[in-house]
Amino acid sequence: MALAVVCALSLSLLTGCQQTQTTEETGSTTGDGTTTAATTAPTKPEPLGDYTQRTLALTEVTEGLRYDGRVTPLDDRVGIDWTYSGFTFRADCQGDIQVTMKAVNISNPSYVVAVLDGETLSAQDILDRRVKVKTKKAYTVLTDVPAGVHDIQLVKLTEAQLGLLDVYDLTINGQLMELPEDDRLKIEFIGDSITSGLGNLWNSSMDRQTNGLADQDGYHTYAAFTARALNADAHVVSLSGWGVAGGWLTPPEDAAIENAYGYRSYYRNHTSEQWDFSSWQPDIVVINLGTNDKGIPTPVDDETLKAKVLELFADIRDHYPQAQIVWAYGLMGTAGGSVEQVVRECMEERAAQGDAVPYTYVTLPMDQNGGGAHPNVSGQERAGRVLTAALKKLI
């Protein structure tokens, strides 16, 4: 997403380097030892060697930094709220990296983690390195970074319902450098607690029903695994307890995804700025909904579910005329058994009505070994592999 801000940096603080055409093959190893497909990335430029400490206001940076996911530009800060959202920057730097942040409500803190040069983090890495943000201060997100040119990503691990995050400044010992042109595959993920990573960090020392801040990790979700495997630019719009037509709010229809999908940040302000869908056009939209529709005490009937699925398909197609739409389902079981049938019928109706862009249904492997019978990290990873394989056939 392009964030319109005013640049107050001098050219000496940000150096735009000529991008070389030389490329290198990169890949990563997953938690179970599986190596992801290698991707071709531009070779980084030579370091400049100026390691003066600089504090950069995010609202004044227009080069060398890009935002990941839907973010909210504010007067003196940037709101980062959705799961797996954040920002990525390239810098010739060394030593510690600090980010000035605060929780919008200190009673609802958020966890973030910094990823250095595309490293693969394990669940234990998240537990060891995540930073809990509450009051406004400069938080150290990386330490002892070796001198050189690095790509650093700050990732929000906590979903919007549990905590909203304001980010003010970035402090580095060095200077920002030009990021390569971002021509990655774009994928939007629409989902519920599964897509938010709720319960995926659960272990036997926790209450089985914790379902909260401590055991949620937006880095280790099927969506994030898929995005990294495909080197994709991912936007995640996910809300625990929500569904297509209803969920775990009172009344249930208040938790229909249509109520939040159009907003830049629904939980920051329920009447907040609408999201500009034209600003970011995904190649693929992945939907993982239905579990709550069929799992609430009075399940949504199939007729209502079908009407809402068709409305969601029409809404997505209106916003994204060329995007392929994928429904990925089954991580917490079939929750009533009829979701797949309803979704497939809706896909057939869309095709019969002349929607020529493909619709695809993907069955994800079930896993209920995390908190509150949600998938744990291993289950999320397996689902990511299945979805990755399916999406490779579409691109």
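Residues numbered from 1 in each chain as written. Predicted model: local features only at pLDDT ≥ 70, side-chain atom pairs only at ≥ 80, totals over all residues. Heavy atoms only, no water.

A. Seen up close, the overall build of the protein. Within the protein, the regular secondary structure consists of eight helices and 17 strands. Across the protein, contacts joining residues at least 24 apart in sequence account for 77% of those joining residues at least 6 apart. When the accessible area of the protein is evaluated, it comes to approximately 15,900 Å², of which 48% is carbon and sulfur surface. (Helix = DSSP H or I, 4+ residues; strand = E, 2+ residues; numbered from the N terminus. Contact = heavy atoms within 4.5 Å. Areas by Shrake-Rupley, 256 points an atom, 1.4 Å probe, with all protein chains shown as cover.)

B. Fine view of the sheet that holds strand 13 (residues 186-191). Read across the sheet, five strands follow the order 14-13-15-16-17 without closing on themselves; strand pairing throughout is parallel. Each edge of the open sheet carries a strand with a single partner, namely strand 14 (233-238) and strand 17 (359-363). For this sheet, the mean inter-axis angle between neighbouring strands, taken without regard to orientation, is 20°. Of the strands in this sheet, strand 13, strand 14 and strand 15 (284-288) are in contact with helix 3 (residues 222-229), which crosses strand 13 at around 175°. (Pairing = 2+ DSSP bridges. Axes fitted to C-alpha atoms, helices over the stretch in contact; angles between N-to-C directions.)

C. Layout of the packing of aromatic side chains. Using the criterion set out here, one finds ten aromatic pairs in the structure. Geometrically, the ring pair formed by Tyr261 and Phe277 is tilted, given 5.3 Å between the ring centres and 50° between the ring planes. Linking Tyr261 in helix 4 (residues 258-261) with Phe277 in the loop between helix 4 and strand 15, this pair joins segments that are 16 residues apart in sequence. Note on Tyr263 and Tyr266: the rings are 5.8 Å apart at their centroids and 45° apart in plane angle, and the pair reads as tilted. Residue Tyr266 is classed as buried on the basis of its relative accessible area, which comes to 10%. (Phe/Tyr/Trp six-rings, centres within 6.5 Å; stacked < 30°, edge-to-face > 60°. Buried < 20%, exposed > 50% of the residue type's maximum accessible area, 1.4 Å probe, protein only.)

D. View of the side chain of Asn292. Within the element layout of this structure, Asn292 appears in helix 5 (residues 291-295). Setting aside residues no more than four positions away along its own chain, Asn292 makes contact with Asp192, Gly241, Trp242, Gly243, Gly246, Gly247 and Trp248.

E. Representation of the nonpolar core. If you look at the biggest cluster of nonpolar residues, it comprises 38 residues, and the most contacted ones within it are Ile190, Ile287, Leu289, Phe313, Ile316, Tyr320 and Trp327. For this core, the secondary structure elements donating two or more residues are helix 4, strand 15, helix 6 (302-319), strand 16 (324-329), helix 7 (339-352) and strand 17. Once you skip the residues sitting within four places of it in the chain, Trp327 turns out to touch Val244, Ile287, Leu289, Val309, Leu312, Phe313, Val339, Val343, Met347, Thr360, Tyr361 and Val362. Membership of the second largest hydrophobic core comes to 37 residues, among which are Leu121, Tyr222, Leu364 and Ala383. (Core = buried A, V, L, I, M, F, W, Y, C linked by side-chain atoms within 4.5 Å.)

F. Representation of unusual backbone geometry in the model. Each neighbour pair has its own omega, and for Thr250 with Pro251 the value is -5°, a cis peptide bond. If you trace the backbone, Pro251 turns up in the loop between strand 14 and helix 4. One non-glycine residue, Tyr84, lies in the positive phi region at around 65°. Note that Tyr84 resides in the loop between strand 7 (78-80) and strand 8 (86-103). Despite not being glycine, Asn231 shows a phi value in the positive range, around 50°. The residue Asn231 is located in the loop between helix 3 and strand 14 in this model. On the accessibility criterion, Asn231 (33% relative accessible area) is partly exposed.

G. Expanded view of the confidence of the model for the protein. Chain-level statistics for the protein give a pLDDT mean of 89 and a share of 87% at 70 or above. Counting interchain partners and residues more than four positions distant, the pLDDT-below-50 stretch residues 1-40 has 83 contacts. (pLDDT = per-residue confidence, 0-100.)

H. Seen up close, the pairing of strand 16. Burial runs high along strand 16: six of the six residues are buried. Here strand 16 shows no split at all, with Gln324, Val326 and Ala328 on one side and Ile325, Trp327 and Tyr329 on the other all buried. The pairing of strand 15 with strand 16 spans four bridges and is parallel. Bridged to Val286 within strand 16 is Val326.

I. Seen up close, helix 3. Burial of helix 3 is extensive: seven of the eight residues sit out of reach of the surface. Along helix 3, the residues classified as buried are Tyr222, Ala223, Ala224, Phe225, Thr226, Ala227 and Ala229. On its buried face, helix 3 sits against strand 13, helix 2 (193-196), strand 14, strand 15 and helix 8 (377-392). Just beyond helix 3, the residue with positive phi is Asn231, at close to 50°.

J. Molecular detail of helix 8. Here helix 8 spans 22 Å end to end across 16 residues, near enough to the 22 Å set by a 1.5 Å rise per residue. All of the buried residues in helix 8 are Val377, Gly379, Gln380, Glu381, Ala383, Gly384, Leu387, Thr388, Ala390 and Leu391. (Expected span 1.5 Å × (residues − 1).)

K. Seen up close, the pairing of strand 13. Counted residue by residue, strand 13 has five buried out of six residues, so it is predominantly covered. Both strand 13 and strand 14 contribute to a ladder of six bridges, which runs parallel. Among the inter-strand pairings, Ile190 is bridged to a residue of strand 14, identified as Val237.

L. Region of interest: the packing of helix 3 against helix 8. The N-to-C vectors of helix 3 and helix 8 enclose an angle of 45°; their axes lie 7 Å apart at closest approach. Overall, the two elements helix 3 and helix 8 adopt an arrangement that is oblique. Helix 3 and helix 8 meet at a crossing whose hand is right-handed. Residues Tyr222, Phe225, Thr226 and Ala229 of helix 3 pack against Val377, Gln380, Glu381, Ala383, Gly384, Leu387, Thr388 and Leu391 of helix 8. Residues of the contact of helix 3 with helix 8, tallied by class, amount to seven nonpolar, four polar and one charged. (Parallel < 35°, antiparallel > 145°, perpendicular 65-115°, else oblique. Left-handed = near helix turned anticlockwise from the far one by under 90°. Nonpolar A, V, L, I, M, F, W, Y, C, P; charged D, E, K, R; others polar.)

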